[in-house]
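Descriptive structure summary
Here are the chains, one letter per residue:
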Amino acid sequence: MNILVTGGLGYIGSHTCVALLEAGYNVIVADNLCNSKEETKNRINQITGKELTFYQLEVTSDYAVEEIFNQHEIDGIIHFAGLKAVGESVEKPLVYYYNNIVSTMVLARACQKYGVKRFVFSSSATVYGDNKAPFIEDMKLLPTTNPYGETKAMCERILTDIAKAYPVFSVALLRYFNPVGAHESGLIGEAPNGIPNNLMPYVTQVAKGKLEKLRVFGNDYPTIDGTGVRDYIHVLDLAEGHVAALNNLKEGAHVYNLGTGQGTSVLKLVKAFEEANGIKIPYEIAARRPGDIASCYADASKAERELGWTATRNIVAMCRDAWNFEKTYRKHGENTKKVLMLF
Ligand code: WQD
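Residues numbered from 1 in each chain as written. Predicted model: local features only at pLDDT ≥ 70, side-chain atom pairs only at ≥ 80, totals over all residues. Heavy atoms only, no water.

Right, let's talk about the overall build of the protein chain for a bit. Counting its regular elements, the protein chain contains eleven helices and 14 strands. Dimensions of the protein chain, computed from C-alpha atoms along their principal axes, come out at roughly 55 × 45 × 40 Å. A burial count over the protein chain gives 56% of its 343 residues as buried. The long-range fraction of contacts in the protein chain, counting pairs at least 24 apart against all pairs at least 6 apart in sequence, stands at 80%. Of the side-chain charges in the protein chain, 36 are positive and 38 negative, and the distance between the mean point of each set is 3 Å. (Helix = DSSP H or I, 4+ residues; strand = E, 2+ residues; numbered from the N terminus. Buried < 20%, exposed > 50% of the residue type's maximum accessible area, 1.4 Å probe, protein only. Contact = heavy atoms within 4.5 Å. Lys, Arg positive; Asp, Glu negative; His and termini not counted. Charge placed at Lys NZ, Arg CZ, Asp CG, Glu CD.)

Below you can see the structure in the form of structure tokens.
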């Protein structure tokens, strides 16, 4: 079966392409390389010993996406392509609404035109807004604190309404918690452009000496040690969750949390990283980051019940693999470039 993976050279997309190829699927990737590199395609092929097909294009372009359907019989779509920096979405809302929503609608229209019945959508725990953790799929969604989160909630609603109108259309809406770590080879992983927003890549760059110390955004939250609690999930577990969703799609739209169900505070993650890698991470307590919530972790039971999937890798493996990638990736040298947004 041929699976179109949009954003397939990105962090989660690339690990999912590995899992798909290893599961015997043929993979066609569409990616505009705004936050990824074409070199990642070679590394996916190297890891799997297989060849994916790659198109550099804008998924917001009907015409460009049409080209893929003219060349290939597509049996399913996993849609990762989109912008995902919470802070940037507040500064550039139009860029985020346009990219994240139009890309989803272009793909949904192509599904209708070409009779594609399987659609897996990359959503986020951000859609839960300020609900109280553990987050459960049928919870009422509260407004998020940023346009990024709103685009994910809107895309979920669009895809759900399409599936209601066309029941043969099977959609899995996957709400990720905090993906971290990297493939054990160290060939692919999280390589953000510039100074990392997220905790783990920031920690690995402090460990590497690229950044001086970690700023812990607040230690006065109502949590075990006052620092923010998150549900960190190994990116390989997340990738396997996508294959499980694809293999277990059923008619209509279905929401699944992809998390471990365990909450880990910032200071506990730092301690786990230090113990797993034998490296001291200097840090200082700083002010809370606007938009952050105290606790975010999943009730992960529905994916286990309905998809037969559960996360298996622990926080030590996440820290070890993240550090291994930082060492290996940087050794290969990265030529990171920032593609200026056109809006
Ligand atoms: C984790 C914890 C911070 C950096 C984001 C997106 C979410 C999803 C995952 C896309 C928080 C603290 C962080 C630092 C810190 N992305 N922190 N110092 O914000 O939970 O989730 O990424 O779907 O949508 O919102 O992840 O890694 O930025 O923060 O203290 O330098 O680490 O306050 O408690 P977040 P994060």
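Lining the immediate surroundings of the ligand are 18 residues, of which T126, Y148, L199, R230 and D292 lie closest. With respect to the ligand, the side chain of T126 contributes an N or O atom lying 2.6 Å from an oxygen atom. Contact distances for the ligand include 2.6 Å between an oxygen atom and a side-chain N or O atom of Y148. Coverage of the ligand by the protein amounts to 89% of the 690 Å² it exposes when considered alone. Counting residues per element, the shell around the ligand draws most heavily on strand β8 (residues 214-217), which supplies four residues. Considering only residue class, the shell around the ligand consists of eight nonpolar, six polar and four charged. (Near = heavy atom within 4 Å. Polar contact = N/O pair within 3.5 Å; in protein donor to acceptor, adjacent residues only side chain to side chain. Areas by Shrake-Rupley, 256 points an atom, 1.4 Å probe, with all protein chains shown as cover. Nonpolar A, V, L, I, M, F, W, Y, C, P; charged D, E, K, R; others polar.)

A few words on the sheet that holds strand β12 (residues 264-265). Within the open sheet, the three strands sit side by side as β12-β9-β14. Their pairing is mixed. The sheet is open, and its two borders are formed by β12 and β14 (295-296), each paired with just one other strand. In this sheet, β14 lies alongside strand β9 (residues 229-230) in parallel orientation, the contact comprising two bridges. Bridged to R230 within β14 is C296. (Pairing = 2+ DSSP bridges.)

Let's shift gears to helix α7 (residues 199-208). Within α7, nine of the ten residues are buried, which leaves it mostly tucked inside the rest of the structure. What α7 keeps buried is the set L199, M200, P201, Y202, V203, T204, Q205, V206 and A207. Positive backbone phi, approximately 90°, marks G209, located one or two places after α7.

Here we take up the layout of surface pockets. Considering only enclosed or pocket space, the second largest pocket measures out at about 190 Å³ in volume. As for the second largest pocket, its lining consists of E137, M139, L141, A153, E156, R157, T160, D161, K164, L173, R175 and V255. Residue assignment for the lining of the second largest pocket shows that the elements contributing at least two residues are α6 (147-165) and β6 (170-176). Looking at side-chain class alone, the lining of the second largest pocket contains five nonpolar, one polar and six charged residues. (1 Å grid on protein atoms, 1.4 Å probe; cavity = no way out; pocket = protein on both sides within 12 Å on 5 of 7 lines; lining within 4 Å. Points joined across faces, edges and corners; volume = space filled by probe spheres on them.)

You can see T40 is positioned in helix α2 (residues 39-48). Once you skip the residues sitting within four places of it in the chain, T40 turns out to touch L9, S14 and I188.

Once that is clear, we can look at the sheet that holds β6. If you trace the seven strands from one edge of the open sheet to the other, you get β3-β2-β1-β4-β5-β6-β11, paired in parallel fashion. Strands at the two margins of the open sheet, each flanked by one partner only, are β3 (53-56) and β11 (252-258). On average, each strand axis in the sheet is inclined to that of its neighbour by 20°, with strand direction left out of account. Two strands pair when backbone bridges link them, and strand β4 (residues 76-79) and strand β5 (residues 118-124) are joined in this way by three bridges, in the parallel orientation. Residue pairing across strands places I77 opposite F119, the latter belonging to β5. (Axes fitted to C-alpha atoms, helices over the stretch in contact; angles between N-to-C directions.)

Looking now at the packing of aromatic side chains. Overall, the coordinates contain five aromatic pairs when judged by the stated rule. Here F135 and F177 contribute two aromatic rings whose centre-to-centre distance is 6.4 Å and whose plane-to-plane angle is 35°, an arrangement assigned as tilted. Of the two residues, F135 is situated in the loop between β5 and α6 and F177 in the loop between β6 and β7 (178-180); the sequence distance between them amounts to 42 residues. F177 carries the same exposure label as F135, and that label is buried. An aromatic cluster of three or more residues is present, and its members are Y128, F135 and F177. In this structure, R175 packs its charged tip against the face of Y128, placed 4.9 Å from the ring centre. Of note, R288 hangs over the ring of Y221, and the distance from its end group to the ring centre comes to 4.0 Å. (Phe/Tyr/Trp six-rings, centres within 6.5 Å; stacked < 30°, edge-to-face > 60°. Lys NZ or Arg CZ within 6 Å of the ring centre and 35° of its normal.)

With that settled, the discussion passes to the environment of Y166. Mapped onto the fold, Y166 is located in the loop between α6 and β6. Taking C-alpha positions, Y166 is 27 Å from E240, a pair spaced 74 residues apart along the chain.

This part covers the packing of helix α5 (residues 93-114) against α6. Axis separation between α5 and α6 bottoms out at 9 Å; the angle between their running directions is 20°. Between α5 and α6, the angle falls in the class roughly parallel. Here α5 and α6 pass one another in a crossing that is right-handed. Along the contact surface, α5 presents P93, Y96, Y97, N100, I101, T104, M105, A108 and Q112, while α6 presents P147, Y148, E150, T151, M154, C155, I158, L159 and I162. Residue composition of the contact of α5 with α6, by class: 13 nonpolar, four polar and one charged. (Parallel < 35°, antiparallel > 145°, perpendicular 65-115°, else oblique. Left-handed = near helix turned anticlockwise from the far one by under 90°.)

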